[in-house]
Amino acid sequence: MFPTELNTCKMKNEALYNYVLRLGDDSLILGQRLGEWCGHGPILEEDIAMTNISLDLIGQAMSLLDYAGELDGQGKDHDALAFLRFENEYRNALLVEQLNGDFANTMMRQFLFDAFRKPLYEKLTASSDVQIAAIAEKSLKETRYHLKHTSEWIIRLGDGTDESHQRAQKALDLLWRYTDELFSETEQDLKLISLGIVPSMSEIKDQWSKTVMSVLEEATLVIPTNNWQFEGGRRGIHSEHFGYLLSDLQYMQRAYPNMKW
Amino acid sequence: MSNRDWPLWEVFIRSKQGLNHKHVGSLRAPDATLALANARDVYTRRSEGISIWVIESNNVHASDPTESDSMFEPSDTKVYRHPTFYDVPDGIKHM
């Protein structure tokens, strides 16, 4: 290879590493959050449903972080990336690390995320990078179900009793401010878009908006106006809840390095 | 049952093509759509099925267990209803 080609390849790998790491971290952290419901669900059926979704997300995180480790080329596997990074090295969006709150809050967080993930995975199945395309294809089936499940719940909570409506609206008011960050793009991403490896976020946002508007309308919920949009997670700047989540997530590997079970 | 409680649903799963849906258990859900979703999450997470039916338990009419004497015992003495009184000729396969 010519030095310039080698350089382009290195740049591409680095850009792709950062992209895949973000996908993997979103799945990992949201999976960890949902897992906190295990044994605490409002009903047995929903307890199982939430932990099923959690396990789907953690499975996706394993594939994505393994691939990130491969692109990084320093011999890190999914465990090394999941358990042995510091807080500011995680690239998940702020939305997914927010506290579970009540059931309406957890469903709203999941719904806003699923509505973003589904069109993203749909586009990524056509990625010129075969590995991304394969991971997206497998994950898409799971994500379609997650979105269906959360949409059904948002409609029932929003258009349900006075109390469920009020709680769902409160959740939307709280979480809406974290949605813009899902669609942020870096300079490096633009390169990946031009190579046909990843889609442009403006396409994803259009589809996200359509899904969100139609479900929220059916749920009789109102999108908050004048809502400042937060960002930071994509740059490694997280909310105060994140350290506590990591201490749960990382405890075993930190206390007993290299332990397996 | 007060109105705040969700109705009970009976769940039937077909484990593979060609087999019947079989009763596997019950669950609670506010409506049929969520009953199917719950059934999927509770009863098919280890690849147990390819099709699910849910039926509101209220709609199941069951025989009365106290009448089982008159319902079922009479047939115990009618062994001739089993097709075991025929001699199967030698050389017949797939019997």
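Whatever comes next refers back to the structure up there.
Scoring rules and cut-offs
Residues numbered from 1 in each chain as written. Chains lettered and ligands numbered in written order. Predicted model: local features only at pLDDT ≥ 70, side-chain atom pairs only at ≥ 80, totals over all residues. Heavy atoms only, no water. Pairing = 2+ DSSP bridges. Helix = DSSP H or I, 4+ residues; strand = E, 2+ residues; numbered from the N terminus. Axes fitted to C-alpha atoms, helices over the stretch in contact; angles between N-to-C directions. Contact = heavy atoms within 4.5 Å. Buried area = accessible area lost by both parts, 1.4 Å probe. Salt bridge = Lys/Arg side-chain N within 4 Å of Asp/Glu carboxyl O. Polar contact = N/O pair within 3.5 Å; in protein donor to acceptor, adjacent residues only side chain to side chain. Phe/Tyr/Trp six-rings, centres within 6.5 Å; stacked < 30°, edge-to-face > 60°. Buried < 20%, exposed > 50% of the residue type's maximum accessible area, 1.4 Å probe, protein only. Lys NZ or Arg CZ within 6 Å of the ring centre and 35° of its normal. Parallel < 35°, antiparallel > 145°, perpendicular 65-115°, else oblique. Left-handed = near helix turned anticlockwise from the far one by under 90°.

Draft legend 1. The sheet that holds strand S3 (residues 51–56) of chain B, seen in detail. Residues and elements named next belong to chain B. Taken in spatial order, the three strands make up an open sheet running S2-S1-S3, and their pairing is antiparallel. Edge positions in the sheet fall to strand S2 (21–28) and S3, since each of these pairs with one other strand and no more. With strand direction ignored, the average angle separating the axes of adjacent strands in the sheet is 25°. Both strand S1 (residues 8–14) and S2 contribute to a ladder of seven bridges, which runs antiparallel. Bridge pairing in S2 places leucine 8 opposite arginine 28.

Draft legend 2. Main features of the interface of chain A and chain B. At the interface, eleven residues of chain A touch twelve residues of chain B. Between chain A and chain B lies a buried interface of about 1200 Å² when both sides are counted; carbon and sulfur atoms form 58% of it. Of all residues in chain A, Glu45(A), Tyr145(A) and Arg156(A) give up the largest surface area on contact with chain B, accounting jointly for 44% of the area buried on that side. For the pair chain A and chain B, the interface holds one salt bridge. In this structure, Asp31(B) and Arg156(A) form a salt bridge, with 2.6 Å as the shortest nitrogen-oxygen distance. Taken together, chain A and chain B are joined by six residue pairs in polar contact (both at pLDDT 80 or more). Every element with two or more residues in the side of chain A that touches chain B is listed here: helix H2 (44–72) and helix H6 (130–158) of chain A.

Draft legend 3. Spatial organisation of the packing of aromatic side chains. In the structure shown here, the tally under the stated rule is nine aromatic pairs over all chains. Consider the rings of Phe116(A) and Phe183(A), whose centres lie 5.5 Å apart with planes at 90°: the pair is edge-to-face. With Phe116(A) in helix H5 (residues 103–124) and Phe183(A) in the loop between helix H7 (162–175) and helix H8 (187–194), this pair connects stretches of sequence that are 67 residues apart. Residue class for Phe116(A) comes out buried when judged on its relative accessible area of 1%. For Phe183(A), a relative accessible area of 10% translates into the label buried. Of the aromatic side chains, those joined through ring pairs into one cluster are Phe113(A), Phe116(A), Trp176(A), Phe183(A) and Trp208(A). Here the basic side chain of Arg254(A) rests over the ring of Phe86(A), its NZ or CZ set 5.3 Å away from the ring centre. Positioned over the ring face of Tyr145(A) is Arg40(B), at 3.5 Å from the centre of the ring.

Draft legend 4. Molecular detail of the packing of H5(A) against helix H9 (residues 201–218) of chain A. Residue and element names in this part refer to chain A. Direction vectors running N to C along H5 and H9 enclose 140°, while the axes themselves pass 9 Å from each other. Between H5 and H9, the angle falls in the class oblique. Once H5 is placed against H9, the crossing between them reads as right-handed. Along the contact surface, H5 presents Met108, Phe111, Leu112, Ala115, Phe116, Pro119, Leu120, Glu122 and Lys123, while H9 presents Met201, Glu203, Ile204, Gln207, Trp208, Thr211, Val212, Val215 and Leu216.

Honestly, it's all geometry; don't read function into it.
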